[in-house]
Amino acid sequence: MDGLISSIKKTLFDSELPDLGVDLAEAGLDVICDNAFVREIPIVKTMVATFDLARDLRARNLLIQTTEFLKGMNERSIPHDRIVQYRKHLDSNPRYAREELGRVLLVLDSNYDLEKSLLLARFYRGYVADKISWEEFCDLSEVLRRILVSDIRMLYKINSREVRDTDQCPASRADRLISLGLVGSGRKGLYPGGDGEHITDRWLMPTEFGSQFCDLAKGANYSEQCDAAEKGADNL
């Protein structure tokens, strides 16, 4: 693990973050074997040397998820002074690199959906840029590990107020988002159902944590844009 941590640190912070130029998730192992530039990226080089990628499916998945993470880190630049400050933070104590970059690698290792690795990069970029604390990054990465990709898309709709209640959203999906602390609810109405039971419709609204998730996942001020759109719609 220490070798992987050192390599991802070097890849992210000791040089210009590489533009892979290829999608390893689509291209497969042949690109790594044939593309000298890709093979020389420190984290890729370490993984090729450490694992039998042709046979080790888990290691191959980690490589693919890691390259998707690098793509996400490359989407938008981080202010240079923040990168310098964060590099000093990692260099000041080896424990910080093990804890922080080690967590990133463990989450990537548990991912199967590429979308989650891309979002993890956006959360981590927010942490390096000092938009969120380490504790907030940990909370976001834990929720990202547990959430279903289809539920992420529903969260975006709830945050933008495209979906406002359980009439527009399966109750099971709403319950999952509520259990993660991303969505809050309030009783909208009580209606008769079958077998003498009653069905409760609920209002759905993003929590502060849910809006933070969306802001970092979708881009700066996303929630403010959603609020403005909602006010505009209310004024029509």
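The paragraphs below set out a description of the structure included in this document. (Residues numbered from 1 in each chain as written. Predicted model: local features only at pLDDT ≥ 70, side-chain atom pairs only at ≥ 80, totals over all residues. Heavy atoms only, no water.)

Observations concerning the side chain of Asp151
- Locating Asp151 in the fold gives a position in helix α11 (residues 149-159).
- Here Arg173 takes part through its side chain, which lies 2.8 Å from a polar atom of the side chain of Asp151.
- With near-sequence residues (within four places) excluded, Asp151 lies in contact with Arg173, Arg176 and Leu177. (Helix = DSSP H or I, 4+ residues; strand = E, 2+ residues; numbered from the N terminus. Polar contact = N/O pair within 3.5 Å; in protein donor to acceptor, adjacent residues only side chain to side chain. Contact = heavy atoms within 4.5 Å.)

Focus on the pattern of salt bridges
- Applying the stated rule across the entire model yields twelve salt bridges.
- Where Asp109 meets Arg58, a salt bridge forms, and the shortest distance between an N and an O atom there is 2.4 Å. Within this pair, whereas Asp109 is found in helix α8 (residues 94-110), its partner Arg58 is found in helix α6 (residues 57-73), the two being separated by 51 residues in sequence.
- Judged by relative accessible area, which is 58%, Arg58 ranks as exposed.
- One salt bridge connects Glu99 with Arg95, and the closest N-O pair in it is separated by 3.5 Å. Here Glu99 pairs with Arg95, and both are found in helix α8, just four residues apart, close to one helical turn.
- Using a relative accessible area of 36% as the deciding quantity, one classes Glu99 as partly exposed.
- One salt-bridge network, in which partners are shared between bridges, spans Glu75, Arg122 and Arg125. (Salt bridge = Lys/Arg side-chain N within 4 Å of Asp/Glu carboxyl O. Buried < 20%, exposed > 50% of the residue type's maximum accessible area, 1.4 Å probe, protein only.)

Topic: unusual backbone geometry
- Look at Asp130: it is not a glycine, yet its phi comes out positive at around 70°.
- When you line up the elements, Asp130 lands in the loop between α9 (114-128) and α10 (134-146).
- For Asp130, a relative accessible area of 54% translates into the label exposed.
- Here Arg161, not a glycine, exhibits a phi torsion of approximately 70°, which is positive.
- Within the element layout of this structure, Arg161 appears in the loop between α11 and α12 (171-179).

As for α8
- Taking 1.5 Å per residue as the helical rise, α8 with its 17 residues ought to reach 24 Å, and the 24 Å between its terminal C-alpha atoms agrees with that figure.
- When the local axis directions of α8 are compared, the greatest deviation, roughly 25°, occurs at Gly102.
- Taken together, the buried positions of α8 are occupied by Ala97, Glu100, Leu101, Gly102, Val104, Leu105, Val107, Leu108 and Asp109.
- Buried-residue contacts for α8 involve α1 (2-13), α6, α7 (80-92), α9 and α10.
- One side-chain oxygen at the N-terminal end of α8 lies 2.9 Å from the backbone nitrogen of Arg95; it belongs to Asn93. (Expected span 1.5 Å × (residues − 1). Bend = angle between axes of the 7 residues up to and from the residue.)

Re the packing of aromatic side chains
- In the structure shown here, the tally under the stated rule is nine aromatic pairs.
- With a centroid separation of 5.6 Å and 85° between ring planes, the pair formed by Tyr86 and Tyr127 is classed as edge-to-face. Here Tyr86 is found in helix α7, whereas its partner Tyr127 is found in helix α9, with 41 residues between them in sequence. This pair shows no difference in class: Tyr86 is buried, exactly as Tyr127 is.
- Through pairs of rings, three or more aromatic residues link up here, namely Phe69, Tyr86, Tyr124, Tyr127, Trp134 and Phe137.
- The aromatic ring of Tyr156 is capped on one face by Lys218, whose charged end is 4.6 Å from the ring centroid. (Phe/Tyr/Trp six-rings, centres within 6.5 Å; stacked < 30°, edge-to-face > 60°. Lys NZ or Arg CZ within 6 Å of the ring centre and 35° of its normal.)

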